[in-house]
Amino acid sequence: MAAPAPADTSSPPPFLRLAGHPLRWRLLSELARSDRRVGELCGLAGQRQSLVSYHLRQLRDGGVVSARRSLADGRDTYYVLELGRCGELLGDAGASLHPGLAPAVGSRPRRGRGPAQARVLFLCTGNSARSQMAEALAEQLSAGVLRAASAGSHPKRLHPNAVRVMRERGIDLAGRRSKHLSEFTSRRFDYVISLCDRVREICPEFPGTPQAIHWSVRDPAREPGTDDETLPAFERTAAELETRIGFLRDAIEHTTDSQEVIEHA
């Protein structure tokens, strides 16, 4: 039997070449903490905007970073790290070095439940869709690692499509109410996660200096059309929140130091 052809080892896999640049790695690391605008990334990296924008374009072309127009200021853009895609590319890179490093299909390594619950507050504008779904998904996916709450700056009635997509995931939102963020300003949280660009701009301070994270999640309730026509937008939002919350849960399970957690959320 002929020996298998050797793998091409003339150069590292594309993801390693992409992420291996020091400034691109710094940008990826900052976006792993929170979605950011280009001006924030320039300040954090200590580099001029033209250079940061060039490397962000490289990361976008590589499929590991995406961009979203800010709903708070249409002149701004938020950059988002595609953690799921990064995981796939890292797995492929490992497999290219040795087949034994290929990740098991559909698995993500976990160490089991963390030593304590993390208190998380999810915020959006209306507390009618995104933050309600995030609260419910955090409770369902974390197996007790996350103790979640949600609120909005201008509460509205619960959107029927939010109820619908959560029901399909075995979660009943029908009895929940929308809440104003002022109900929680005296409570302590470990993390305050804004899901709305507008709420991020007006988010109040909370006791105990919780870690602030921003996820620039599109508002499915703003999509035009009937409830049936906008249902796919709610499905996409739920899927994105499931992915982000899964990575947040894993970060908390994999560390006991709160600063390390935020660096991998």
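Up top you'll find the structure we're talking about.
Residues numbered from 1 in each chain as written. Predicted model: local features only at pLDDT ≥ 70, side-chain atom pairs only at ≥ 80, totals over all residues. Heavy atoms only, no water.

(A) Local environment of the packing of helix H2 (residues 22-33) against helix H4 (residues 49-61). Relative orientation of the contacting elements H2 and H4 amounts to 75°, with a least axis distance of 10 Å. Classified by the angle between their axes, H2 and H4 sit roughly perpendicular to one another. Together, Leu-23, Arg-24, Leu-27, Leu-28 and Leu-31 of H2 and Leu-51, Val-52, His-55, Leu-56, Gln-58 and Leu-59 of H4 make up the contact between the two elements. When its residues are assigned to classes, the contact of H2 with H4 shows 8 nonpolar, 2 polar and 1 charged. (Axes fitted to C-alpha atoms, helices over the stretch in contact; angles between N-to-C directions. Helix = DSSP H or I, 4+ residues; strand = E, 2+ residues; numbered from the N terminus. Parallel < 35°, antiparallel > 145°, perpendicular 65-115°, else oblique. Contact = heavy atoms within 4.5 Å. Nonpolar A, V, L, I, M, F, W, Y, C, P; charged D, E, K, R; others polar.)

(B) Up close: the sheet that holds strand E3 (residues 77-81). The antiparallel open sheet is built from 3 strands, whose spatial order is E1-E3-E2. Edge positions in the sheet fall to strand E1 (36-37) and strand E2 (65-69), since each has one partner strand and no second. Note: E2 against E3, 5 bridges, orientation antiparallel. Across the sheet, the residue bridging to Val-65 is Leu-81, located in E3. On top of the sheet, H2 reaches E1, E2 and E3; it is set at about 95° to E3, its chief contact. (Pairing = 2+ DSSP bridges.)

(C) A look at helix H7 (residues 160-167). Those residues of H7 not exposed but buried are Asn-161, Ala-162, Val-163, Val-165 and Met-166. Buried positions along H7 lie against helix H6 (130-141) and helix H9 (227-253). (Buried < 20%, exposed > 50% of the residue type's maximum accessible area, 1.4 Å probe, protein only.)

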